[in-house]
Amino acid sequence: LEVVSGDVRRAAQLAARAAVEFDFEAQARRFATLLTLGREPSAETSGRGPMVMAPAVAVRVLAGLLPLLVGGDGWRFARALRDRQERLANEALTVIDDGGFAGGVFSAATDGEGVPTRAVRLIEAGVYRQPLLTWREAPPGRGEGSGCMLRPSWRQPPEPGPTHLYVCPAPQVSPASLISSVAAGHYWLDTVGAGRFDLAGDRFELPVCGFRLRGGRASEPIGAALVRGSIGGLLRGIVGVARDLTFYPQRYLLGAPTLLVEGLQLDAGAPAG
């Protein structure tokens, strides 16, 4: 979907097994809000505080973490990102890849090599279990391989990758309850640029747009701001997860619900491109 109003453009890719699964009314409301935000100035203040990330923003974070979650190098990144208590993430965070995800667009009983697919918990309640590994990559005692060889067409040989990689939602938690819990902070609806994730240097920055929150309600729009911090701090700062799991298509599907994150830095003057 692509919507343009004057010099403001917003786009999103969606995927479903049937068109009836799309909520176009909700998408229309979201795009109307994003077009309005595109005409607002950048954030005028800097500082720290709780931030609510809508699924579209949380998925961009998940995409930036792919080297940690997929492939044998994940072990090395996980060791470097753990804190002094050997924690990788907050216990609220569980990340799963599942080639047979029920109702998923890419759901299949086997992968591109005929290996059975299954759900693999990569991070479980904040504990790093393993990266996503093919049967060739799984060393004895260091994680199990799974059916994660992708074959987009008969012209291409199979290659490793996620299929339905997602942050596990909390069925009892609504997005509204996360937003209303923030006395003073921000609610980010979308990104306004690609962002940068440096796992080796333990740093990231992500340009976003959304609203300032006061008393659990949106108080003023913010057209562009830059969220930054350490990747380890980001993972340990995820203190709340909602139930609104939403998938966005790339070469695979990445999914996330609304997240509540603490401890990140907000800077003014984020680039809008």
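The rules behind each value
Residues numbered from 1 in each chain as written. Predicted model: local features only at pLDDT ≥ 70, side-chain atom pairs only at ≥ 80, totals over all residues. Heavy atoms only, no water. Helix = DSSP H or I, 4+ residues; strand = E, 2+ residues; numbered from the N terminus. Rg over C-alpha atoms; globule rule 2.2 N^0.38 Å. Buried < 20%, exposed > 50% of the residue type's maximum accessible area, 1.4 Å probe, protein only. Contact = heavy atoms within 4.5 Å. Areas by Shrake-Rupley, 256 points an atom, 1.4 Å probe, with all protein chains shown as cover. Lys, Arg positive; Asp, Glu negative; His and termini not counted. Charge placed at Lys NZ, Arg CZ, Asp CG, Glu CD. Salt bridge = Lys/Arg side-chain N within 4 Å of Asp/Glu carboxyl O. Pairing = 2+ DSSP bridges.

Chemist: Residues and numbers for the overall build of the chain, please.
Modeler: Along the backbone of the chain there are six helices and 19 strands. Over its C-alpha atoms the chain spans a radius of gyration of 19 Å, differing by no more than 12% from the 19 Å that the globule rule assigns to 273 residues. Reported as C-alpha extents along the three principal axes, the dimensions of the chain are approximately 50 × 50 × 35 Å. Residue burial in the chain is summarised as follows: out of 273 residues, 48% are buried. Long-range pairs, those at least 24 residues apart, make up 69% of the contacts in the chain between residues at least 6 apart in sequence. Summed over all atoms, the accessible surface of the chain reaches about 12,900 Å², with 51% contributed by carbon and sulfur. Charged side chains of the chain number 29 positive and 27 negative; the gap between the two group centres comes to 2 Å.

Chemist: Describe the pattern of salt bridges, naming the residues involved and giving the relevant values.
Modeler: Tallying each qualifying case throughout the model produces 15 salt bridges. Between arginine 76 and aspartate 73 there is a salt bridge; the shortest N-O distance is 3.7 Å. Under the relative-accessibility criterion, arginine 76 is labelled partly exposed at 42%. We note a salt bridge from glutamate 205 to arginine 228, for which the minimum N-O separation is 3.3 Å. With glutamate 205 in strand E13 (residues 203-214) and arginine 228 in strand E14 (residues 217-229), the pair connects residues that are 23 residues apart, well separated along the chain. Because the salt bridges share partners, they merge into one network encompassing Arg196, Glu205, Arg228 and Asp267.

Chemist: An account of helix H2 (residues 55-64) is needed here, citing residue identities and associated values.
Modeler: Counting buried positions along H2 yields eight of ten residues, so the element is predominantly enclosed. The set of residues buried in H2 consists of Pro55, Ala56, Val57, Ala58, Val59, Val61, Leu62 and Gly64.

Chemist: Give a detailed account of the pairing of E14, specifying residues and quantitative values.
Modeler: Pairing of E13 with E14 involves ten bridges; the strand directions are antiparallel. Looking at the pairing, leucine 213 lines up with alanine 218 of E14. Connecting the antiparallel pair E13 and E14 is a turn made up of two residues, with glycine 215 showing a positive phi of about 60°. Sheet analysis places E14 next to strand E19 (residues 265-267), joined by three bridges and oriented antiparallel. Directly across from leucine 226, in E19, lies its bridge partner aspartate 267.

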